[in-house]
Amino acid sequence: MPSTVVVGGFFGDEGKGKIISYLALHDNFSIIVRGGAGPNAGHTVIDGKKIYKIRMLPSGFLNKNSKVMIGPGVVVNPKILLKEIKEFGVSKRAFVDRNCGIIEDVHINQDSKGRLKEKIGSTGSGTGPANAERAMRTLKLAKDIDSLSSYLEDVPNAINEAINSNQNVLVEGTQGTHLSLWHGTYPFVTSKDVTASAICSDVGLGPKRVDEVIVIFKSYVTRVGTGPMDNELTPEETNKKGWAEVGTVTGRTRRAAEFDYELAKRSVMLNSATQIAITKLDVIFPDCSQKTSYDSLNADAKSFIKNIEEKLNVPVTLIGTGPSIHDVIDRRTKV
Ligand code: IMP
Ligand code: MG
């Protein structure tokens, strides 16, 4: 039974929430566990008329049979987490590792002004300052916080035990490869490594226990905040193409560019991708909207996908064709 790790291949906001919730509903994972930075991440999940915005819980929570967990590498804002646990009705199946770092108001204040806010364009969520304090070994941990006591768990042990007994585990990353503290466009990056290896380390999964690594790319590139971006379009060009988006966490307008094969190649290498998911195909090819079979795509869309597979040498197994979690072409059995 496989363990699957899902990460973003560009600068975050590739549509991880949607692909992850699709996988969660179709593959019946016993545990869905989140690695990555912290509540600087925002995932959007659309199920019919319902829109969920998630910052702390794994975005695969829609499958009621799955336990949802947060690994010790993630810094947690208890207020946001407890609100999401209540709002999404998951209190019986949500777990936080006892060693998760805790974001407090002081971190949010530091993150909301000065160099981090103005130069780096941080999300103001306190994630970076909390990680800095963790490196200084002064940060509080989840086990020190009363309000989290009923959710505490040894997450690395839980996921390794599940894999030992042949259960499926889905490991969710946040942000995107080129926002990695090690591999991204430093200093315009987040406060951690966010490649697949780091996400596995965040949750306590060793490198030999990973079966599949799915790297998600959007059909075009977006970036929120500052930092370099090759072939960036002007806001007018972005609007004209229908690529204008706003950030889930910050409400800021996202900058945009065409699909970047060089960035994608590097992501495939850094994450050792075994599969690729492409999202928002319908945004660049409107007549692919809500299609669920590859055969029904038009010739241009097919050649876009084929080109990605040829250039990156990894199969494109999942294709997003609309905002809903059901708008997915799943080619996993056919490749
Ligand atoms: P921080 O992680 O809040 O310190 O922000 C550092 C940089 O990473 C800024 O450019 C943010 O906009 C960006 N960033 C952090 N998290 C995300 C995310 O989940 N999606 C997109 N950009 C992000
Ligand atoms: Mg996002």
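Everything in this summary refers to the structure shown in the same document. Quick caveat, the model's predicted, so the values are computed rather than measured.

Considering the overall build of the protein
Next up, step 1: Broken down by element type, the protein carries 11 helices and 16 strands.
Next up, step 2: Taking 335 residues into account, the globule formula puts the C-alpha radius of gyration at 20 Å, and the protein, at 19 Å, falls close to it.
Next up, step 3: In terms of overall dimensions, the protein has a C-alpha envelope of 55 × 50 × 40 Å along the principal axes.
Next up, step 4: When contacts within the protein are restricted to residue pairs at least 6 apart in sequence, long-range pairs at least 24 apart make up 75% of them.

Side note on the packing of aromatic side chains
Next up, step 1: Evaluation of the coordinates by the stated rule reveals 10 aromatic pairs.
Next up, step 2: With centroids separated by 5.5 Å and ring planes inclined at 80 degrees, the aromatic side chains of Y52 and F88 adopt a geometry described as edge-to-face. Within this pair, whereas Y52 is found in strand β4 (residues 50-54), its partner F88 is found in the loop between α2 (78-87) and β7 (94-97), the two being separated by 36 residues in sequence.
Next up, step 3: According to the relative accessible area criterion, Y52 is buried, its value standing at 15%.
Next up, step 4: Here F88 falls in the buried class, since its relative accessible area comes to 11%.
Next up, step 5: Ring geometry for Y220 versus W243: centroids 4.6 Å apart, planes at 10 degrees, classification stacked. Here W243 lies in the loop between α8 (235-241) and β13 (255-258) and Y220 lies in strand β12 (residues 220-223), a separation of 23 residues in the sequence.
Next up, step 6: In this structure an aromatic cluster arises from ring pairing among F10, F217, F259, Y261, F285 and F304.

Some thoughts on the pairing of strand β14 (residues 275-279)
Next up, step 1: Across the five residues of β14, five count as buried, placing the element largely inside the fold.
Next up, step 2: Summarising the sheet, strand β11 (residues 212-218) and β14 pair through five bridges and their orientation is parallel. Looking across to β14, one finds that I214 is bridged to Q275.
Next up, step 3: Pairing geometry for β14 and strand β15 (residues 316-320), over three bridges, is parallel. Its bridge partner lying in β15, I278 is registered against I319.

Section: the environment of I20
Next up, step 1: Within the element layout of this structure, I20 appears in helix α1 (residues 16-27).
Next up, step 2: Separated by 68 residues in the primary sequence, I20 and F88 have C-alpha atoms spaced 16 Å apart.
Next up, step 3: Setting aside its immediate chain neighbours within four residues, I20 contacts V6, S59, G60, L170 and E172.

Thoughts on the site of ligand 1
Next up, step 1: The environment of ligand 1 is formed by 16 residues, the closest being D13, N40, T123, T190 and R252.
Next up, step 2: V224 has a polar backbone atom sitting 3.0 Å from an oxygen atom of ligand 1.
Next up, step 3: Note that an oxygen atom of ligand 1 is positioned 2.9 Å from one of the side-chain N or O atoms of R252.
Next up, step 4: Contact with the protein chains removes 96% of the 470 Å² of surface that ligand 1 exposes when unbound.

Here's the deal with helix α11 (residues 299-312)
Next up, step 1: Given a rise of 1.5 Å per residue, 14 residues ought to cover 20 Å, and the 20 Å separating the end C-alpha atoms of α11 matches this to within 8%.
Next up, step 2: Turning to α11, its buried residues number three or more, namely A301, F304, I305, I308, E309 and L312. Projected down its long axis, α11 shows its buried positions confined to an angular sector of 130 degrees, all on one face. Counted as exposed and oriented over 90 degrees from the buried face of α11: A299, D300 and E310.
Next up, step 3: At its buried positions, α11 is contacted by β11, α9 (261-271), β14, α10 (281-284) and β15.
Next up, step 4: Capping of α11 at its N-terminal end is provided by N298; its side-chain oxygen lies 3.0 Å from the backbone amide nitrogen of D300.

A word on the packing of α9 against α11
Helix-helix packing: each pair is described by the crossing angle between the helix axes and the interaxial distance.
Next up, step 1: It is the contact of α9 with α11, at a shortest axis distance of 10 Å, that shows an interaxial angle of 55 degrees. Judged by the angle between their axes, α9 and α11 are oblique. Of the two possible hands of crossing, α9 and α11 adopt the one that is right-handed. Contacts between α9 and α11 involve Y261, A264, K265 and V268 from the former and F304, N307, I308, K311 and L312 from the latter.

Some words on the coordination of the magnesium ion (ligand 2)
Next up, step 1: In the first shell of the magnesium ion (ligand 2), the protein supplies D13 (OD) and G42 (O), at 2.0 to 2.2 Å from the metal. Placement of D13 in the loop between β1 (3-8) and α1 and of G42 in the loop between β2 (31-34) and β3 (43-47) is noted, with a sequence separation of 29 residues between them.
Next up, step 2: We classify G42 as buried; its relative accessible area is 15%.

So, the side chain of D327
Next up, step 1: Along the chain, D327 turns up in the loop between β15 and β16 (328-330).
Next up, step 2: Of the side chains bearing the opposite charge, K18 lies closest to the buried D327, which forms no salt bridge; the N-O distance is 5.0 Å.
Next up, step 3: In contact with D327, other than residues within four places in its own chain, are K18, Q290, I319, G320, T321 and G322.

How each quantity is defined
Residues numbered from 1 in each chain as written. Chains lettered and ligands numbered in written order. Predicted model: local features only at pLDDT ≥ 70, side-chain atom pairs only at ≥ 80, totals over all residues. Heavy atoms only, no water. Helix = DSSP H or I, 4+ residues; strand = E, 2+ residues; numbered from the N terminus. Rg over C-alpha atoms; globule rule 2.2 N^0.38 Å. Contact = heavy atoms within 4.5 Å. Phe/Tyr/Trp six-rings, centres within 6.5 Å; stacked < 30°, edge-to-face > 60°. Buried < 20%, exposed > 50% of the residue type's maximum accessible area, 1.4 Å probe, protein only. Pairing = 2+ DSSP bridges. Near = heavy atom within 4 Å. Polar contact = N/O pair within 3.5 Å; in protein donor to acceptor, adjacent residues only side chain to side chain. Areas by Shrake-Rupley, 256 points an atom, 1.4 Å probe, with all protein chains shown as cover. Expected span 1.5 Å × (residues − 1). Arc of directions from axis to C-beta. Axes fitted to C-alpha atoms, helices over the stretch in contact; angles between N-to-C directions. Parallel < 35°, antiparallel > 145°, perpendicular 65-115°, else oblique. Left-handed = near helix turned anticlockwise from the far one by under 90°. Donors = N, O, S within 2.8 Å, 3.2 Å for Na, K, Ca; no water. Lys, Arg positive; Asp, Glu negative; His and termini not counted. Salt bridge = Lys/Arg side-chain N within 4 Å of Asp/Glu carboxyl O.

Just geometry here; none of it tells us what the structure is for.
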